[in-house]
Amino acid sequence: MKKHAGLLVAIAVCLFMMSAVAALAQAPAETYSYNMTFDHYGFTTVEILYNSGIAGSGASWVAVPGNFTETAVAAVKGTVTSMTRVPYSVDGQAHPFYDNLTFSYISENEPFSMRLRFNMTNGAMIVEPNGFFYSPQIGVPPSAAVEAELMLPDGVTNLSEAIPAPTQVQRLGSRLELSFNPDSESRIAVTFTVSWSKQTNHIREGIVEAEVPSRYMDLGTRIVVLINKAVPLMNDLFNNTLDRVSMRFFAPLSLPDLSIGGYTPIDPSSFQAGAIYLNLFYFRAFSGTMETIAIHELTHQYESRAGISSDLLWVHEGLANYVAVQMGKPLGYDVASTDVDLEAAAGELNGDYGIIQDWRPGGAVASLFHYYAASYHVFKALGDQYGGLSLYSKFFRGIQELKDGLKSTNIAVYQLGVAAGANLFPQFTEWKFELVDLSSIGARIARLRAEAEWYGPLLPFKGEALSHLEQAQSLMESSPEAAMGHIMIAAFYIETVPMIIVGVAILLILVAAVAVIVTRRTRSKPVEFRDHATL
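Note that the coordinates shown come from a computational prediction; the quantities given were computed from them, not determined experimentally. (Residues numbered from 1 in each chain as written. Predicted model: local features only at pLDDT ≥ 70, side-chain atom pairs only at ≥ 80, totals over all residues. Heavy atoms only, no water.)

At the junction of Glu 128 and Pro 129, the peptide bond is cis and its omega measures out at 10° in the coordinates. Looking at the secondary structure, you find Pro 129 in the loop between strand S8 (124-127) and strand S9 (130-134). At the junction of Ile 163 and Pro 164, the peptide bond is cis and its omega measures out at -5° in the coordinates. Along the polypeptide, Pro 164 turns up in the loop between strand S12 (156-163) and strand S13 (168-172). One non-glycine residue with positive phi stands out, namely Asp 91, at about 55°. Position of Asp 91 among the secondary structure elements: in the loop between strand S5 (79-90) and strand S6 (93-107). Taking the relative accessible area as the measure of exposure, Asp 91 reaches 75% and is therefore exposed. The residue Lys 432 is not glycine, and still its phi comes out positive at about 75°. (Helix = DSSP H or I, 4+ residues; strand = E, 2+ residues; numbered from the N terminus. Buried < 20%, exposed > 50% of the residue type's maximum accessible area, 1.4 Å probe, protein only.)

Following this line, the structure appears as structure tokens:
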């Protein structure tokens, strides 16, 4: 009986443990529900509802906006016992725009719940017919369940792209509602098109004119004033002027477009630059970011006017970033984050900046930002050593004298050296650039001409050799690579062909000498007669 009783007790204990584990496994997890909506102006309202899942006391945390908007917090069920803000970290770095709101609570008879609300002025950026929504930072404990709903305004006609993919899309009257199950640390991004009419204002100040969506008039005006203030400084730097500067604003058409801060179309044959296009999303970035981008694009306008080929991307982009950073102080915008980010990325290349030499528009590169960073570092390093913007003012004046514009890395390095008053060939070689030393090209052309004249009429193909040397001379300043090709051909005619002729002549002389010796030996040899019996 005792054995049976003991067995029954053991079974009862096991059943109790199993039921307890099952109960724990089925216990509802804490949940964060995000409800987001925006209007025709992109003004976004965000509501976060927290539910602890079980009654009692506990603690949790959620990422909330830092100082760019106010967050209202209210307990729905239960009581908040403590609340504090600490830095919100992503990959070990404190987020610049969001805080970690850590809170404790108690709710004796039912699960605790709490509501948080805040607004974002430009949660969505809209330039009809295109729109781009980028959610606030979603940041909650990894163990929490996360769900989100996004209500789009009436007039949204098409969803172009959404990350993550929505779990449900439904139409509620004239509006679309998207449901998501995002990760505990993530964002929601949606591109869309709208049916309502385009509302645009035109701003003009001095030579600067802009087409600005009406909802962003204050932002557009800010950039127009900046560009107009920058024009006299840029005129002095480049020793050149622009007739007009046109600006347009855009919203990203796809998520990859999010990384494009701005762009300026340039005709590679005529060096003519089109309007400046600026990505509205970067008004949401660090202070000074949009201003840096705008001056970067303005620099492209002046570079094209100076005759710098758009195929020399390392020159175009490196100088555009350098000038934009240097102009921050006189124009009054913050450039610290731009400089730090670019220099940090350049440092990862360990001085191997020659990768940018063959960087061309549309070319595939492993890490685009590293190419921008390397280009920036080259011009920053030279500027730090040889006088900053005054160095590049001399450089721009020098390239204006080039008949066909600046199209060659070799010429760029040579002209930078002229502006610096130093031979920069060793420095660029140390940076792993593969260059032709222009100082040696002229000397070699002169030496080959002298050799051709020394041979005189005895030199076969003399006319062809001198013709290639003339072409090399004319291409020295525009395409030294092609000039070296002509020099190699001329060198073959002047140096190699005579050697071949001399070699052949010596060979013929040797053959003739051997033939003479053989002939003489044959003639001097005595004739042998056989001893025949007489008849």
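Our focus in this paragraph is the packing of aromatic side chains. This structure, assessed with the given rule, holds 31 aromatic pairs. With centroids separated by 5.1 Å and ring planes inclined at 80°, the aromatic side chains of Phe 428 and Trp 431 adopt a geometry described as edge-to-face. Looking at Phe 428, the relative accessible area reads 0%, which means it is buried. Pairwise contacts between aromatic rings join Trp 314, Tyr 322, Tyr 353, Phe 379, Tyr 392, Phe 428, Trp 431 and Phe 433 into one cluster. (Phe/Tyr/Trp six-rings, centres within 6.5 Å; stacked < 30°, edge-to-face > 60°.)

Here we take up the sheet that holds S5. In spatial order, the strands read S3-S6-S5; together these three strands make up an open sheet with antiparallel pairing. The open sheet has two edge strands, strand S3 (56-65) and S5, and neither has a second partner. The sheet shows a mean angle of 20° between the axes of neighbouring strands, taken without regard to direction. Bridge count between S3 and S6: 10 bridges; the pairing is antiparallel. Across the sheet, residue Trp 61 finds its bridge partner in S6, namely Thr 102. (Pairing = 2+ DSSP bridges. Axes fitted to C-alpha atoms, helices over the stretch in contact; angles between N-to-C directions.)

Next up on the list: the environment of Leu 402. Locating Leu 402 in the fold gives a position in the loop between helix H8 (389-399) and helix H9 (409-420). Owing to a relative accessible area of 9%, Leu 402 belongs among the buried residues under this scheme. Through-space distance from the C-alpha of Leu 402 to that of Ala 306 is 9.7 Å; in sequence the pair is 96 residues apart.

Packed helix pairs are characterised by how far apart their axes lie and by the angle those axes make with each other. Axis separation between helix H3 (residues 289-306) and helix H4 (residues 313-326) bottoms out at 8 Å; the angle between their running directions is 130°. Classed by the angle they form, the pair H3 and H4 counts as oblique. Here H3 runs over H4; the crossing is right-handed. In this structure, H3 contributes Thr 292, Ile 295, His 296, Thr 299, His 300, Glu 303 and Ser 304 to the contact, and H4 contributes Val 315, His 316, Glu 317, Leu 319, Ala 320, Asn 321, Val 323 and Ala 324. (Parallel < 35°, antiparallel > 145°, perpendicular 65-115°, else oblique. Left-handed = near helix turned anticlockwise from the far one by under 90°. Contact = heavy atoms within 4.5 Å.)

Taken as a whole and assessed by the stated rule, the structure comprises 11 salt bridges. Between Arg 117 and Glu 47 there is a salt bridge, with the nearest N and O atoms lying 3.1 Å from each other. Residue Arg 117 is located in strand S7 (residues 113-120), and its partner Glu 47 is located in strand S2 (residues 44-51); the two are separated by 70 residues in the primary sequence. On the basis of relative accessible area, Arg 117 is assigned to the partly exposed category, the value being 46%. For Arg 85, the salt bridge identified is with Asp 99, shortest N-O distance 2.9 Å. Separated by 14 residues along the polypeptide, Arg 85 in strand S5 and Asp 99 in strand S6 bring together distant segments of the chain. (Salt bridge = Lys/Arg side-chain N within 4 Å of Asp/Glu carboxyl O.)

With five of six residues buried, strand S18 (residues 208-213) is to be regarded as a mostly interior element. Direction of pairing for strand S17 (residues 200-205) relative to S18: antiparallel, over a ladder of six bridges. Across the sheet, the residue bridging to Ile 203 is Ala 210, located in S18. Judged from the four bridges that link them, S18 and strand S19 (residues 245-250) form a sheet pairing that is parallel. Paired with Val 208 across the bridge in S19 is Val 245. In this view, the connection linking S18 to its parallel neighbour S19 by way of helix H2 (residues 217-238) has left-handed handedness. (Right-handed = clockwise from strand over helix to strand, strands pointing away.)

Here we come to the sheet that holds S12. With respect to topology, four strands assemble into an open sheet ordered S8-S9-S16-S12, the strand pairing being antiparallel. What marks the edges here is a single partner per strand, and that holds for S8 and S12. Neighbouring strand axes in the sheet, compared pairwise and without regard to direction, differ in orientation by 15° on average.

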